[in-house]
Amino acid sequence: MTKLEKKLGYTFRDKSLLQMALTHSSYANETRNGTVQCNERLEFLGDSILGMTVAKYLYHHRPNMPEGKMTKLRAELVCEQSLVQIAEKLDLGEHLYLGKGESLGGGRNRPSILADAVEAIFAAILLDAGMEQVEKIILQLLGESLEENHPTAAQDHKTALQELTQKKNGQNVTYHLLDATGPDHQKTFSVEVKLGDETVGHGVGKSKKEAEQAAAAAALRRLGA
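Here's a quick rundown of the structure. (Residues numbered from 1 in each chain as written. Predicted model: local features only at pLDDT ≥ 70, side-chain atom pairs only at ≥ 80, totals over all residues. Heavy atoms only, no water.)

### Let's talk about the overall build of the chain
Inference 1: The number of helices and strands found in the chain is 11 helices and three strands.
Inference 2: Each helix and strand of the chain, ordered N terminal to C terminal, gives the series α-α-α-α-α-α-α-α-α-α-β-β-β-α.
Inference 3: Expected size for 225 residues packed as a compact globule is a radius of gyration near 17 Å; at 18 Å, the chain falls within 12% of this value.
Inference 4: The principal-axis extent of the C-alpha atoms belonging to the chain is close to 60 × 40 × 30 Å.
Inference 5: Counting every position in the chain, which comprises 225 residues, the buried fraction comes to 44%.
Inference 6: Partitioning the contacts of the chain with sequence separation of at least 6, the portion at a separation of at least 24 is 55%.
Inference 7: Accessible surface, the chain: about 12,000 Å² in total, of which carbon and sulfur atoms supply 48%.
Inference 8: Measuring between centres, the 27 positive side-chain charges of the chain sit 2 Å from its 30 negative side-chain charges. (Helix = DSSP H or I, 4+ residues; strand = E, 2+ residues; numbered from the N terminus. Rg over C-alpha atoms; globule rule 2.2 N^0.38 Å. Buried < 20%, exposed > 50% of the residue type's maximum accessible area, 1.4 Å probe, protein only. Contact = heavy atoms within 4.5 Å. Areas by Shrake-Rupley, 256 points an atom, 1.4 Å probe, with all protein chains shown as cover. Lys, Arg positive; Asp, Glu negative; His and termini not counted. Charge placed at Lys NZ, Arg CZ, Asp CG, Glu CD.)

### Section: the sheet that holds strand β3 (residues 198-205)
Inference 1: Strands sit in the order β1-β2-β3 across an open sheet of three strands; the sheet is antiparallel. With partners counted over all chains shown, the strands left at the sheet margins are β1 (173-181) and β3, one partner each. Between one strand axis and the next, the sheet turns through 20° on average, direction left out of account.
Inference 2: Sheet topology note: the strand β2 (residues 188-195)/β3 ladder contains seven bridges and is antiparallel. The residue bridging Ser190 from the neighbouring strand is Val204, located in β3.
Inference 3: Of the strands in this sheet, β1 and β2 touch helix α10 (residues 157-168), which is tilted by about 145° from β1.
Inference 4: Relative to β3, helix α11 (residues 208-222) is tilted by about 135°, and along the sheet it contacts β1, β2 and β3. (Pairing = 2+ DSSP bridges. Axes fitted to C-alpha atoms, helices over the stretch in contact; angles between N-to-C directions.)

### Things to note about the pattern of salt bridges
Inference 1: Counted according to the given criterion, the structure contains eight salt bridges.
Inference 2: For the salt bridge of Lys3 with Glu94, the shortest nitrogen-to-oxygen distance reads 3.2 Å. Note that Lys3 is positioned in helix α1 (residues 2-8) and Glu94 in the loop between α6 (80-90) and α7 (100-104), a separation of 91 residues in sequence.
Inference 3: Taking the relative accessible area as the measure of exposure, Lys3 reaches 45% and is therefore partly exposed. (Salt bridge = Lys/Arg side-chain N within 4 Å of Asp/Glu carboxyl O.)

And the structure:
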């Protein structure tokens, strides 16, 4: 966990909190004595912490931004795709405690598992050090995504991508559903976007629409927009 703490920029006083944040329910369910706690309760708390931190930042740093745009930008910053990007920065997948089946089934790269673990880590930091510390870590990890001119801040990535491609080369933009996993009430969608025959972005989301927006945002970053 020392390697992960270095990437986080924070050293836990109570290491058990970090261990719990990294523990998926599949691992907890496989323990015989039932004393291992999974990260689901921490994830619940972390989700609220993340939303509050981003809302507070936008309120203070975007004094002229209307409420509607702040709402959309906050949704982009706290979505699964944004959390997966944070997880990738931290190489979080290699640190997770997963059950054997989940691990063999690709759980270390599963977007929903990575996103939940990131939120659980935020809650663990809150419990270990307080709100000021966790806010600092969250804003550091979000980094350039907080900038108003970053693609994440766009109100409609799909429209922005369509307008960009029409200006540059007029190629057709198409979206293709790659996968839809999970139960009906909690599906995760994976989408790719193509310019002509070339794949220029991938995205995941809790709906097909959200995944398409994430894929368009990834394409905009790749195209330097």
